[in-house]
Amino acid sequence: PRNPKRHKQSLVFFSFSRLLQSMSDNDEEQITVQYTEEPEEEQYNIADYEDDDDDEENGQLVEDDEDNVAEEEPEYDEDDDSQPAFLFEISDPSKNHKGKSLSFWVYKITTRTSLRKFKNRAMVVRRRFSHFLWLRNQLVEDYPGCIVPPLPEKSLLGTVEKYVSSVDTKGLLEYRQRSLTKFLTRVGEHNILQQSPYLQAFVEMKFNDFEQYKKGSEKEKKKASGVTWFKKSLTKEPKWVLQQKKFVAKLEESLRNLKVKLQEMVKRRKDMSGAIGEFGKAFKQLGTVEKAYDESSLSTSLIELSNKSEQLSVTVLGQAERETMQVIETITYYLGMCDAMKKLMKRVETLRLERDDVTNTLRNQKSALVKIQKSNNEQKIKVAEEKIQAAEDKLKEADAVLQESEACFKNDIERFDMERKVDFAYMLHAFVALQIDYSNTLRGNWESLLPSIHALQES
């Protein structure tokens, strides 16, 4: 790792804060990390947005434009502490068909790195969603003490459809690309996870080569160690772990409650949108009656108001969908983070239990040696001593893994706290900005009616 304490804060705010800014509709400045490029104007069925993963045969991809060197390789000053280890861009989602019925989405991933172990500083590859899942699983298995960021749900509709009245296909893809970019960005910022050979293969290898590498690198499931979850550890969990458990539980509960309230707010917005629409229709009916009797400025004003009401009905519904998307992405991500942290704490507890099992085994073997020594059987004594030595080596290894995992977890809590503040601050700022824009839109629409109403009053 490259001076992790020096780099941790600068990495997060240098690269991810700019990544967050790109989600703002009003941000016209070109930034280094981008989420999307305009997809081709092609219509897809919503069902197409489900990834058909986990098949035995993953299919092949025609790699017509996949190169390991970008058109313009960026320059990096490796002595500049503010330079991030990775910059990622996910773009150009395309549908890849496998057979007559199965298909999956493939994304173009452009990676720029300042790490010297990479042959190229800029790489372009294509990956499908199952590749991201595989990468995350490998990181979780190899680094049991690290908080591995969550991925979005496999089903794109799973998160979005409950909160918006209509599902825009382009919006769904952009949501997926933002989530995948966030995953890679946070992995790339992590001073331990960024060193993973699996991450290197993920960003370097071409699609078909990566498929073969993935199959060859599949790890066998670890055999059960005899540790069961109902066993109680001989050593108490550190106080900071217990505090973190309580915090994560409360945070998850609060996020789920916010999610419920968000659904309620969306429902009210939709009801209000419908009510405004009906209000406009009633004014239109009144204006039509007035126009039939006397085609005057009064009937014109009534009909104009009805038209504005119908426009505002659409505005209210659209506002609800925009503001909820700003919130739901952050909620979903941090519910995933809570789940990742709970599983991490279980993994660390498993390591503690495994260490305790080895300690028990060593204690029993030492007790057995005392009895064997009384028999003066040199062969049995030698075997017992060898077993003790093996157990001591195993205990030393188990203790080292536990300490390393706890140290990583403790550092990651600091990172989690810092990133959460950045994300929540952005979410609040974006939400408030949307409310201001919404209020201005409503005011502008109503004020546009004033000239004709004033004219009516003066007539």
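Scroll up to find the structure this text is about.
Only a predicted model underlies this, so the values are computations on that prediction, with no experimental measurement involved.

Undergrad: I'm lost on the packing of helix α8 (residues 297-375) against helix α9 (residues 378-447) in this one. Help?
TA: Each pair of packed helices can be summarised by the angle the axes make with each other and by the distance between the axes. At a closest axis distance of 9 Å, the pairing of α8 and α9 adopts a crossing angle of 170 degrees. Considered as vectors, α8 and α9 are oriented roughly antiparallel to each other. Here the contact of α8 with α9 is composed, by residue class, of 35 nonpolar, 13 polar and 16 charged.

Undergrad: Teacher, can you tell me more about unusual backbone geometry here?
TA: Glycine aside, the phi torsion of most residues is negative, and most peptide linkages are trans. Here the phi dihedral of Asp-92 falls at roughly 50 degrees; this positive angle occurs in a residue that is not glycine. On the secondary structure map, Asp-92 appears in strand β1 (residues 86-98). You can call Asp-92 partly exposed: its relative accessible area is 24%. In the Ramachandran plot, Asn-376 falls in the positive-phi region, its phi being about 60 degrees despite a non-glycine side chain. Along the polypeptide, Asn-376 turns up in the loop between α8 and α9. Take Asn-376: its relative accessible area is 62%, and that puts it in the exposed class.

Undergrad: Would you mind showing me how to read the side chain of Ser-306 here?
TA: Mapped onto the fold, Ser-306 is located in helix α8. The exposure class of Ser-306 is buried, given its relative accessible area of 0%. Excluding anything up to four places from it in sequence, Ser-306 contacts Gly-280, Phe-283 and Lys-284.

Undergrad: Would you mind going over the packing of aromatic side chains with me for this structure?
TA: What describes a pair of aromatic rings is the distance from one ring centre to the other and the angle between the planes of the rings. For the structure on display, the rule yields 15 aromatic pairs. For the pair Phe-202 and Phe-210, a centre-to-centre distance of 5.9 Å together with 85 degrees between the ring planes defines the contact as edge-to-face. Judged by its relative accessible area of 0%, Phe-202 is buried. When the centroid spacing of 5.5 Å and the interplanar angle of 55 degrees are considered together, the rings of Trp-240 and Phe-409 count as tilted. On the criterion of sequence distance, the pair formed by Trp-240 in helix α7 (residues 239-293) and Phe-409 in helix α9 is long-range, its members being 169 residues apart.

About the thresholds
Counting starts from 1 at the beginning of each chain's written sequence and moves along it residue by residue. Reporting in this predicted model follows two pLDDT cut-offs: at least 70 for local features of residues, and 80 or more for side-chain atom pairs to be given and counted; totals over whole chains, interfaces and linings ignore these cut-offs and use all residues. Side-chain descriptors were evaluated using all non-hydrogen atoms of the structure, hydrogens and water having been removed beforehand. Note on geometry: axes are lines fitted to C-alpha atoms, helical ones only across the stretch in contact, with angles between N-to-C directions running from 0 to 180 degrees. Put simply, DSSP marks the helices as runs of H or I at least four residues long and the strands as runs of E at least two long, and each gets a number from the N terminus on. In this scheme, roughly parallel covers angles under 35 degrees and roughly antiparallel covers those over 145, while 65 to 115 is roughly perpendicular and the rest are oblique. The classification used treats Ala, Val, Leu, Ile, Met, Phe, Trp, Tyr, Cys and Pro as nonpolar, Asp, Glu, Lys and Arg as charged, and all other residues, Gly among them, as polar. Throughout, exposure labels follow a simple rule: accessible area from a 1.4 Å probe, protein chains only, divided by the maximum for the residue type, with under 20% read as buried, over 50% as exposed, and the rest as partly exposed. It only takes one pair of heavy atoms within 4.5 Å for two residues to be counted as in contact. Working definition: rings of Phe, Tyr and Trp (its six-membered ring) pair if their centres are within 6.5 Å, and the pair is stacked with planes under 30 degrees apart, edge-to-face with planes over 60 apart, and tilted otherwise.

Read these as layout, nothing more, since geometry by itself doesn't imply function.
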